[in-house]
Amino acid sequence: MKPIVQSGDQWNMEMLSKLSDIGEKYTNELGFNHFPLQIEIVSPQQMLGLYSSSALPYMYNHWSFGKQYAQEYKEFFSGMKGLAYEICKDTNPCLCFNMETNNAIEQASVIFHVYGHSSHFASNYLYQENSNSDLMLNYIDYARKFIKQCEDKFGLDQVERVLDMAHSLQYHSVNKYKKVKANYEEINLSRELNLVTSRDYVLDRLSPLKHAKPDYGNDDGERDDVSLPEENILLFIEKHSPVLCKWEREVIRIVRILAQFSYPHFSGQSQIMAEGTAMFTECYIMERAHDDGYIDEGSYLEYLSMNSWVLYQMEVNSKTKNPIQSLQNIRMNPYFIGLHIMRDIKRMCLEPTLEDKKFAPDLAGADWKVALRDAISNFKDESFIRQFLSPSLIRKLKLMHVVNNEDGDFEVKSDAEHYNQLRNAFADMNTVIDKIPNVEVWKYDGDNLKLRYTQYRGRDLHRPYVTKVLKYISTLMGCDVQLWYGSNDTPYWLEFNT
Amino acid sequence: MGIVIDRRRIGNNTDVNLYRFYRRLKDSLSPGSFATLHEYGFYYGGDGEYSIISPGNDKWMQGDIIEFDNFIDFLESLMQQGTGGNDGNGDGELFEHPEYLNALFSNLKMPNLDKISSIDEEIVRSGYSTTGGVVDFMRTFQNSIGRRAALKKPLEDELALLKEQNAPQSEIEALEEKIKKVPFIDENDVRYKRYDKVIYESKKLLIILTMDASGSMGYEERNIAKLFSDLVIRFISKHYDNVAFEYILFTSEAHRVDGNNFFNQVISGGTYLSTAVDLQQQIIDEYDADWNKYVLTFSDTDILDSDLQDSKTGIIKMLKDVQGYIYCLTGSMGNEEQYTRLTAINNKFFRKCFIKTEDDVLNEFIKMFS
């Protein structure tokens, strides 16, 4: 049988289609539940554009996306950063953007990699709770149309002003615990678009009126009462601000719903699992395809060498000449650790040692495919690490845990001999609170809004920005805003005031 | 069956976003505007405890200290990574956007740019006329089509009517002959290309950049002078065509150098500003009177009183010939007293500024040329 990919080949459309088919075949062999793939070929400029619009082919327009594009463009064309071979998004079907400059074996590896991502998007509970793969593209389409209408009617500057303010709060505008999966099918899109017509338009055109209690649809669930503390800042502003127009409220709602969709991604809670699944699937499919003759020897060797640099993990004080790379590579490479943990799960199922039997008794002798499926569906990074990072893997990868001290140097806190300590420290690093500060709405009495920041590990906020964000909130709510600091040990004290 | 779509032809949305970004960039540069290029938010920063997991257990054990150079940069890169917020670290980042300088320069101009060196003529195309030499075929044929249609239509209608009524053959043939005789091109159709003479003024600029290269000017001070000069060169090259640059490096003697040496050569010695002033005067005299001449001098003014008197008289004499003399005190350790005495000249062609550090260069540049 003639292989699909021979060494030295360039890709063509037919080849991509065939590769997609065998990718599907082997993913089903693994038993992973996944979304079908929609492969789109893009040029490098388009790929740069996709970076700045979070891998969506269309999104509403904003200058910050342009700024990100200009920065990425400069970094890429001055050689400081490379481009990913692909980028994909958790929609159904899974959109997979391949670069046209990949050669045949790169395209093959990319397609198999995205099958892994697609399995993760389809099975993992975080995505099922927060994102809505079927309706995401429809909702974004609606968002884009609505914002365009607002720009035409109320002016570009006005809309930009509201979007700037909403963007600054978007990482703090998700429902982490109270989840209400809105039925977006019930959103009557024509009703929403009518917000900007005739009668409402006249009312909205004047400076915003102070309403006693704003009146708008309640399709978000039972969150109409002022119940504090509130973690979702934009939700609070949308429902309780006395000074916003209807269209401004809708824009805020759009930003926070899109933030909720991308919550698993921006909170950094599932990067290791996503990349681990993807790498594992990719390696598995590549191996099986090579065994069955679809990929020939030369291409397979090329693939192996290409893989080695993706999986490279730097040590904490290694320096490269490229300053951007050296800082980012110090952190744990998610591809590296994800793949190793997944492979370790398989090993613990097939050939457990005594130590493994003590560490994870459920895995010993179980079907590794079932175990992996279970891991992908029910765990996020933090729980994944706590459950599956085995002592033998810690020893094999020679991991250690360092913390910064007062001089700005690092101190080694636990080396591979203190397994539990290291595992817990690593798991804690992959929680939401380690990446995004916990700022929530605390008290509100109509004239004064109090926010509180619960300190984590003694960290401070980036102060120059805090004052600006508080001004934004003050504009949106029409009242004074205070930010209080506190922690679990100390009572809260006033730190910032507008 | 996998779906494969070729999106390369469809294009993407980035042009609109780029346009909005440049618009925002321009707004942020105009004074008194609240537009900013920063993306605000609640991020971690400053003090606190941060962890890293990394391989290396074969080299270190618990309690060891690893030295690390740039913890601040590391913190800032953390800020970007976790939340995906891609903000630059302060204004330094913004400076490097390719469009930033263009947006900046569009609002600035050279002072007193009065001298017009020559008045040139240029011939440009400007539309059509009914007389002339060069025929424009497109227009001519368009007119002829219109005329023919207008003349033929009633005849053709009549012909159709006759055919319906089964008129005698002779009448039909006569009418067809008439239709054929409508001329293809008429004199009134012809159009010619029209050319105009346009008069424009060309201005010539001479810029003399002078840098103090004495021992008191350290690396930082020279860097300030070079950054400012670089901005001036870029600004002028962008806006004006006929420009000449002259470079002077002076210690106790003044040397005329070329651009490469101005930026790269390292010399040292004492400081005699008057030698530089003399050399500047000499260069100015070399060029004709219809050049717009500008002189920029960067120094830390670490000079003797006698030297100061000589330089001051030299500069005042030079002000008759130049369109602008700009004196910049570079470096926070510059001799402010001598500087104030030297620059106590009240003349519309004389300007001065005090640049303390590298970060001030851009602001001073904007102030100088607004």
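What you see is a predicted model; the values in this text were computed from it and never measured. (Residues numbered from 1 in each chain as written. Chains lettered and ligands numbered in written order. Predicted model: local features only at pLDDT ≥ 70, side-chain atom pairs only at ≥ 80, totals over all residues. Heavy atoms only, no water.)

K.L.:
What should I look at first to understand the overall build of chain A in this one?
P.N.:
Counting secondary structure elements, chain A contains 23 helices and nine strands. A burial count over chain A gives 60% of its 498 residues as buried. In chain A, of all internal contacts separated by at least 6 residues, the share reaching a separation of at least 24 is 73%. Of the roughly 20,400 Å² of accessible surface on chain A, a fraction of 50% belongs to carbon and sulfur atoms. (Helix = DSSP H or I, 4+ residues; strand = E, 2+ residues; numbered from the N terminus. Buried < 20%, exposed > 50% of the residue type's maximum accessible area, 1.4 Å probe, protein only. Contact = heavy atoms within 4.5 Å. Areas by Shrake-Rupley, 256 points an atom, 1.4 Å probe, with all protein chains shown as cover.)

K.L.:
Looking at this model, I keep getting lost on the packing of aromatic side chains. Mind explaining?
P.N.:
The geometry of an aromatic ring pair comes down to the distance between the two centres and the angle between the two planes. Enumeration over the complete set of coordinates arrives at 38 aromatic pairs over all chains. What links up through ring pairs into an aromatic cluster is the set Tyr453, Tyr485, Trp493 and Phe496 of chain A together with Tyr44 of chain B. Taking the ring centre of Tyr128 of chain B as reference, the NZ or CZ of Arg125 of chain B above it sits at 5.2 Å. (Phe/Tyr/Trp six-rings, centres within 6.5 Å; stacked < 30°, edge-to-face > 60°. Lys NZ or Arg CZ within 6 Å of the ring centre and 35° of its normal.)

K.L.:
Please explain the pairing of strand β6 (residues 438-444) of chain A as it appears in this structure.
P.N.:
Regular strands place their side chains on alternate faces of the sheet. Residues and elements named next belong to chain A. Relative to strand β7 (residues 448-454), β6 runs antiparallel, the two being bridged by six bridges. Paired with Asn438 across the two strands is Thr454, which belongs to β7. Taken together, β6 and the strand that follows it, β7, pair antiparallel across an intervening segment of three residues, in which Gly446 is found at a positive phi of about 95°. (Pairing = 2+ DSSP bridges.)

K.L.:
Sorry, what's going on with the sheet that holds strand β2 (residues 86-89) of chain A here?
P.N.:
Reading across the sheet, the four strands line up as β2(A)-β3(A)-β1(A)-β1(B) and stay open at both edges, with mixed pairing between neighbours. Every interior strand has two partners, whereas the edge strands, β2 of chain A together with β1 (3-6) of chain B, have only one. Between one strand and the next, the sheet's axes are offset by a mean angle of 20°, whatever the strand orientation. Two elements, strand β1 (residues 37-42) of chain A and strand β3 (residues 94-99) of chain A, share six bridges in a ladder whose sense is parallel. Its bridge partner lying in β3 of chain A, Glu40 of chain A is registered against Phe97 of chain A. Its contacts with the sheet put helix α4 (residues 104-123) of chain A on β1, β2 and β3 of chain A, and the angle it makes with β3 of chain A is roughly 155°. (Axes fitted to C-alpha atoms, helices over the stretch in contact; angles between N-to-C directions.)

K.L.:
Help me out: how do you make sense of the interface of chain B and chain A in this one?
P.N.:
Many authors give the size of an interface as the accessible area that is lost as the parts come together. The interface of chain B with chain A comprises 70 residues on the first partner and 100 residues on the second. Among the residues of chain B in contact with chain A, Phe42, Tyr44 and Ile53 of chain B are the three that bury the most area, contributing 13% of the side total. Our count for the contact surface shared by chain B and chain A stands at seven salt bridges. One salt bridge connects Arg457 of chain A with Glu49 of chain B, and the closest N-O pair in it is separated by 2.8 Å. (Buried area = accessible area lost by both parts, 1.4 Å probe. Salt bridge = Lys/Arg side-chain N within 4 Å of Asp/Glu carboxyl O.)

K.L.:
Explanation requested: empty space enclosed by the protein in the structure shown.
P.N.:
If you roll a probe as big as a water molecule over the atoms, it shows you where there is empty space left. Per the counting criterion, the structure on display carries five cavities of 30 Å³ or more. In this structure, the second largest cavity spans a volume of roughly 90 Å³. Forming the walls of the second largest cavity are 14 residues, and the residues nearest its centre are Gly49, Ser53 and Leu56 of chain A together with Asn13 and Thr14 of chain B. Elements that contribute at least two residues to the lining of the second largest cavity include exactly α2 (44-52) of chain A together with α1 (14-29) of chain B. With three residues, the top contributor of residues to the lining of the second largest cavity is α2 of chain A. Of the residues that constitute the lining of the second largest cavity, the class distribution is seven nonpolar, seven polar and no charged. (1 Å grid on protein atoms, 1.4 Å probe; cavity = no way out; pocket = protein on both sides within 12 Å on 5 of 7 lines; lining within 4 Å. Points joined across faces, edges and corners; volume = space filled by probe spheres on them. Nonpolar A, V, L, I, M, F, W, Y, C, P; charged D, E, K, R; others polar.)

K.L.:
What should I look at first to understand the sheet that holds strand β9 (residues 493-497) of chain A in this one?
P.N.:
Each strand in a sheet pairs with another by means of backbone hydrogen bonds, the pair being arranged parallel or else antiparallel. All names here are of chain A. Ordered in space as β6-β7-β8-β9, the four strands form an open sheet in which the pairing is mixed. Where the open sheet ends on each side, the last strands, each with one partner, are β6 and β9. Put simply, the sheet's adjacent strands are angled 30° from each other on average, direction ignored. Bridge count for β7 against strand β8 (residues 480-486) is seven bridges, and the pairing is parallel. Note on β8: the bridge partner recorded for Lys450 is Gln482. Contacts from helix α10 (residues 233-240) reach β6 and β7, with the element oriented near 30° to β6.

K.L.:
What is the right way to read helix α7 (residues 156-168) of chain A from this model?
P.N.:
For an α-helix, 3.6 residues make a turn, and residues three or four places apart therefore share a direction. With 13 residues, α7 of chain A should cover 18 Å at 1.5 Å per step; its first-to-last C-alpha distance of 18 Å lies within 8% of that length. Of all the residues in α7 of chain A, the buried ones are Val159, Glu160, Val162, Leu163, Asp164, Met165, Ala166, His167 and Ser168 of chain A. Structurally, α7 of chain A contributes buried residues whose contacts are with α3 (63-77), α6 (136-154), α10, α11 (246-261) and α23 (463-477) of chain A together with α1 of chain B. (Expected span 1.5 Å × (residues − 1).)

K.L.:
Which parts of the structure should I look at to understand unusual backbone geometry?
P.N.:
Leave glycine aside and you will find that most residues have negative phi; peptide bonds, for their part, are mostly trans. Cis geometry marks the peptide bond from Asn92 of chain A to Pro93 of chain A, where omega comes out at 5°. Checked against the element boundaries, Pro93 of chain A lands in the loop between β2 and β3. Even without a glycine there, the phi angle at Asn166 of chain B is positive, about 55°. By the element assignment, Asn166 of chain B lies in the loop between α5 (137-164) and α6 (169-180).

K.L.:
What is the right way to read the confidence of the model for chain A from this model?
P.N.:
Detailed reading of the predicted model is not advised wherever pLDDT is low. Confidence along chain A averages 81 in pLDDT terms, with 85% of residues attaining 70 or more. A low-confidence stretch, residues 193-224 of chain A (pLDDT under 50), is modelled with 61 contacts involving residues beyond four sequence positions or located in other chains. (pLDDT = per-residue confidence, 0-100.)

K.L.:
Is there a simple way to think about the pattern of salt bridges in this case?
P.N.:
Any two side chains of opposite charge can pair, so long as their charged atoms come close to each other. Under the counting rule described, the total for this entry stands at 36 salt bridges over all chains. Residues Arg161 of chain A and Glu248 of chain A are paired through a salt bridge, measuring 4.0 Å at the closest nitrogen-oxygen approach. Of the two residues, Arg161 of chain A sits in helix α7 while Glu248 of chain A sits in helix α11, which places them 87 residues apart along the sequence. What makes Arg161 of chain A partly exposed here is its relative accessible area of 37%. Glu248 of chain A gets classed as buried once you look at its relative accessible area, which sits at 7%. Each of the salt bridges in this network shares a partner with another, and the network as a whole consists of Asp157, Glu160 and Asp164 of chain A together with Arg23 and Arg24 of chain B.

K.L.:
What is the right way to look at helix α7 (residues 219-239) of chain B in this model?
P.N.:
For α7 of chain B, which comprises 21 residues, the first-to-last C-alpha distance of 30 Å matches the rise-based estimate of 30 Å (1.5 Å per residue) to within 8%. Every buried residue of α7 of chain B is listed here: Glu221, Arg222, Asn223, Ile224, Ala225, Phe228, Ser229, Leu231, Val232, Ile233, Phe235 and Ile236 of chain B.

K.L.:
Got a minute to help me understand the packing of α3 of chain A against α1 of chain B in this structure?
P.N.:
For any two helices packed against each other, one specifies the crossing angle of their axes together with the interaxial distance. Closest axis-to-axis distance for the α3 of chain A/α1 of chain B pair is 7 Å, and the angle between their directions is 95°. By the criterion of interaxial angle, the relationship of α3 of chain A to α1 of chain B is roughly perpendicular. Along its contact with α3 of chain A, which presents Trp63, Phe65, Gly66, Lys67, Tyr69 and Ala70 of chain A, the element α1 of chain B presents Thr14, Asn17, Leu18, Arg20, Phe21 and Arg24 of chain B. (Parallel < 35°, antiparallel > 145°, perpendicular 65-115°, else oblique.)

K.L.:
Help me understand the packing of α5 of chain B against α6 of chain B in this model?
P.N.:
Residues and elements named next belong to chain B. With their axes 10 Å apart at the nearest point, α5 and α6 run at an angle of 165° to one another. Viewed along their axes, α5 and α6 adopt a mutual orientation that is roughly antiparallel. In this structure, α5 meets α6 at a crossing whose hand is left-handed. Across from Lys152, Leu155, Glu156, Glu158, Leu159, Leu162 and Lys163 in α5, the residues of α6 making contact are Glu171, Ile172, Leu175, Glu176, Lys178 and Ile179. (Left-handed = near helix turned anticlockwise from the far one by under 90°.)

K.L.:
Where do I start with the state of the cysteines in this structure?
P.N.:
Disulfides are covalent bonds that link the sulfur atoms of two cysteine residues. Evaluated as defined, the whole model comprises zero disulfides over all chains. Looking at Cys349 of chain A, it has no disulfide partner, and the nearest cysteine sulfur is the one in Cys283 of chain A, 18 Å off. Its sulfur unpaired, Cys353 of chain B is 3.3 Å from the next cysteine sulfur, which belongs to Cys328 of chain B. For Cys353 of chain B, a relative accessible area of 5% translates into the label buried. (Disulfide = S-S within 2.5 Å.)

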